[in-house]
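# Structure at a glance
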Amino acid sequence: MKPAAVTPLPSKPLERPADEVARARGIQRATLVAVATNALLTLGQVVIGLFAGAFSLVADAAHTLSDLVTDLLVLFAGRRGADPADTNHPYGHGRVETATTLLLGLVLAGVGVGFLWSSGVRLQDASQLPTLHPAALVMALLTLAAKEALFRYTLAASRRLKAPMLEANAWHARSDAASSLVVAAGIGGSLAGYPFLEPLAAAVVGFLILHMGVRLVRNSVRELIDTGLPSEQLAEIRRIILETPGVIGLHELRTRRMADRVLCDAHIQVAPKITVSEGHRVSDTVLLRVRDAFPEVRDVLVHIDPEDDGELQVVPPGPIPERTEVVATVTDLLDGCGTQASRVQIHYLGHRVDVDVILAAEPAAQALARLRRNTDAWLKTHPRYRSIEYFVRLAP
C-alpha cells in the first residue's frame, strides 16, 4: 500500500472547492424559487377558497404549505451537503442530501397513499360534492400551471446539478400539481354535473405519486447501504485500471455513491520488486485516469499489491521475520568478510522472504566463497527465507 504522511483532518471545514460552491448555490437558488412560488400560491388558495366556498382549495393550500417545510429542509441539506470533510465527517457531508431525498420520498409515498384513500372515499360519496363558485376553478387552474412550471424548472436544475434531493423536491411539486389537478377536475366536474371526475383523477395521480415516492426511497436506501455502480460502469473502470502502465493485475474493485459523487477502492498488482516510489507513481496514474474518464468519481483509494493477495488470505505456517531480524541476520553472515551492507531490500512474497543486499565493497575471493557457503547453509535451515542475494555497487 502506498505510504503517505498522516495529516490530521481539520476540526473545522476548509474552504469549499469552486465546483461544490457553485453547485450549492444552484441548489439554494432553485429552492428559493420554490419557496417564493409556494408562499404566493398558499396565500391565493386560502383567499379564493374561502371566498368561493371551495374547501378543497383550502385543503390544497395546506398541502402547498407543507411544501414550504420541505423546501426549507432542502435548503438546509443543500448547504450542509456541500461542506467539505472534517474530523467528524471524514468523507464529507454528501449523505445529508441522501437522507433528505429519503425523507422526501417517504413524503411522496404518503401523499400518494392519501390520494388513493381519499379518492376511494369520494367515489362512494360523489353525489355529496357541493356547488362551487367559478372563481375556484380559475384559481385551481392557475395553481396547476404554476406547480407544473415549478416542477419542470426544479427537475431541470436537479439534472444539471446532479442533485437527487432536488429531483425529489421536483416530484413533490408534481404531486402538489396533481392535487391541484384533482381540485380543478373536481370543481370543473361539479360545475358541469359530473362530480365523479375528481375522485377518479385522484386515484390515477395518487398511484403515479406513490410509484415515484417508492422509487426515490429505493434509490436512497441503495445509496445508504453502499450499493455499487452498475456492472457496465464497473467493467469500464476495470478496463481503464488494467490498461494503466505498471498495472499487471486487478483483484478487487469496490464502488459506492455519496450524493453526486462516487468513491472507489481498487487493489492493483504491480511488479513485485519495484520501489515504493514507483508503486506510488502507478497509484497516482490510476487515480488520474479513472477521474479523467469518470468526473463523478471524486476519490480513488488504490491499494498496491506485489502479488494477488486474494490467493494468500490464509494464516502463514510460521512467523515471518521483520526487518530488524533480517538486517541482523545479514550482518552476522557478513561478519569477517571485510565489507558491510549499505542497503538491504526485503521482498515479502508468498509468505516467504527474498533479501537483496547491496554491499559497500566487493569481498576478497576467499571471503566471498565463505559468504556463499554460510548463506547456503542458513537458507537450508530457515525455510522462511527463499533467497539472500548480494550485489556490489559498481558506479556512484
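### Some points on the pattern of salt bridges
Per the counting criterion, the structure on display carries seven salt bridges. Note that glutamate 167 is salt-bridged to arginine 215, the shortest N-O span being 3.1 Å. Taken together, the residues span a long stretch of sequence, with glutamate 167 in helix α5 (residues 164-192) and arginine 215 in helix α6 (residues 197-224) at a distance of 48 residues. For arginine 215, a relative accessible area of 24% translates into the label partly exposed. Linked by salt bridges that have partners in common, Glu236, Arg239 and Glu243 make up one network.

### Some remarks on the environment of alanine 135
Residue position: alanine 135 is located in helix α4 (residues 134-161). The spacing of alanine 135 and isoleucine 187 is 52 residues in sequence and 9.9 Å in space, taken between C-alpha atoms.

### Re the confidence of the model for the protein
Taken as a whole, the protein shows an average pLDDT of 78; of its residues, 75% reach a score of 70 or greater. When the elements of the protein are averaged for pLDDT, helix α2 (residues 55-81) gives the smallest value, 63, and helix α9 (residues 323-334) the largest, 92. Here residues 1-16 scores under 50 on pLDDT; set against residues more than four positions off or in separate chains, the count is 27 contacts.

### Examining the packing of α9 against helix α10 (residues 365-381)
For the pair α9 and α10, interaxial distance at closest approach is 9 Å and the crossing angle is 140°. In this view, α9 runs oblique relative to α10, as classed from their interaxial angle. Packed against α9, whose contacting residues are Thr329, Leu333 and Leu334, the element α10 presents Leu371, Asn374, Thr375 and Trp378 at the interface. Considered class by class, the residues forming the contact of α9 with α10 number four nonpolar, three polar and no charged.

### Notes on α4
Every α-helix carries 3.6 residues per turn, so stepping three or four residues along brings you back to the same face. Compared with an ideal rise of 1.5 Å per residue, which puts 28 residues at 40 Å, α4 spans 41 Å between its outermost C-alpha atoms and is within 8% of the ideal. Taken residue by residue, α4 has Ala136, Met139, Ala140, Thr143, Lys147, Leu150, Phe151, Thr154, Leu155, Ala157, Ser158 and Leu161 as its buried positions. Of the residues trailing α4, lysine 162 is marked for its positive phi of about 55°.

### Let's talk about the packing of helix α7 (residues 231-242) against helix α8 (residues 276-293)
At a minimum axis separation of 9 Å, α7 and α8 run at an interaxial angle of 140°. It follows that α7 is oblique to α8 by the angle criterion. Of the two possible hands of crossing, α7 and α8 adopt the one that is right-handed. On α8, the residues touching Ile237, Ile240 and Ile241 of α7 are Val286, Arg289, Val290 and Ala293. Residue composition of the contact of α7 with α8, by class: six nonpolar, no polar and one charged.

### Here's the deal with the sheet that holds strand β1 (residues 249-258)
One open sheet accounts for three strands, arranged β1-β2-β3; its pairing is mixed. On the outer flanks of this sheet lie β1 and β3 (297-305), each paired with one strand and no other. Within this sheet the neighbouring strands show an average axis-to-axis angle of 15°, counted without direction. Across nine bridges, β1 lies against strand β2 (residues 261-269) in antiparallel orientation. Among the inter-strand pairings, leucine 250 is bridged to a residue of β2, identified as isoleucine 268.

### Focus on the sheet that holds strand β6 (residues 385-392)
An order of β4-β5-β6 is seen for the three strands of this open sheet, with the pairing classed as mixed. Across the chains shown, the open sheet's two edge strands, defined by having one partner strand only, are β4 (341-349) and β6. Here the strands of the sheet are splayed against their neighbours by 15° on average, with no regard to which way each runs. Bridge count between β4 and strand β5 (residues 352-359): eight bridges; the pairing is antiparallel. Looking at the pairing, leucine 349 lines up with arginine 352 of β5. Its contacts with the sheet put α9 on β4, β5 and β6, and the angle it makes with β4 is roughly 130°.

Rules behind the numbers
Residues numbered from 1 in each chain as written. Predicted model: local features only at pLDDT ≥ 70, side-chain atom pairs only at ≥ 80, totals over all residues. Heavy atoms only, no water. Salt bridge = Lys/Arg side-chain N within 4 Å of Asp/Glu carboxyl O. Helix = DSSP H or I, 4+ residues; strand = E, 2+ residues; numbered from the N terminus. Buried < 20%, exposed > 50% of the residue type's maximum accessible area, 1.4 Å probe, protein only. pLDDT = per-residue confidence, 0-100. Contact = heavy atoms within 4.5 Å. Axes fitted to C-alpha atoms, helices over the stretch in contact; angles between N-to-C directions. Parallel < 35°, antiparallel > 145°, perpendicular 65-115°, else oblique. Nonpolar A, V, L, I, M, F, W, Y, C, P; charged D, E, K, R; others polar. Expected span 1.5 Å × (residues − 1). Left-handed = near helix turned anticlockwise from the far one by under 90°. Pairing = 2+ DSSP bridges.

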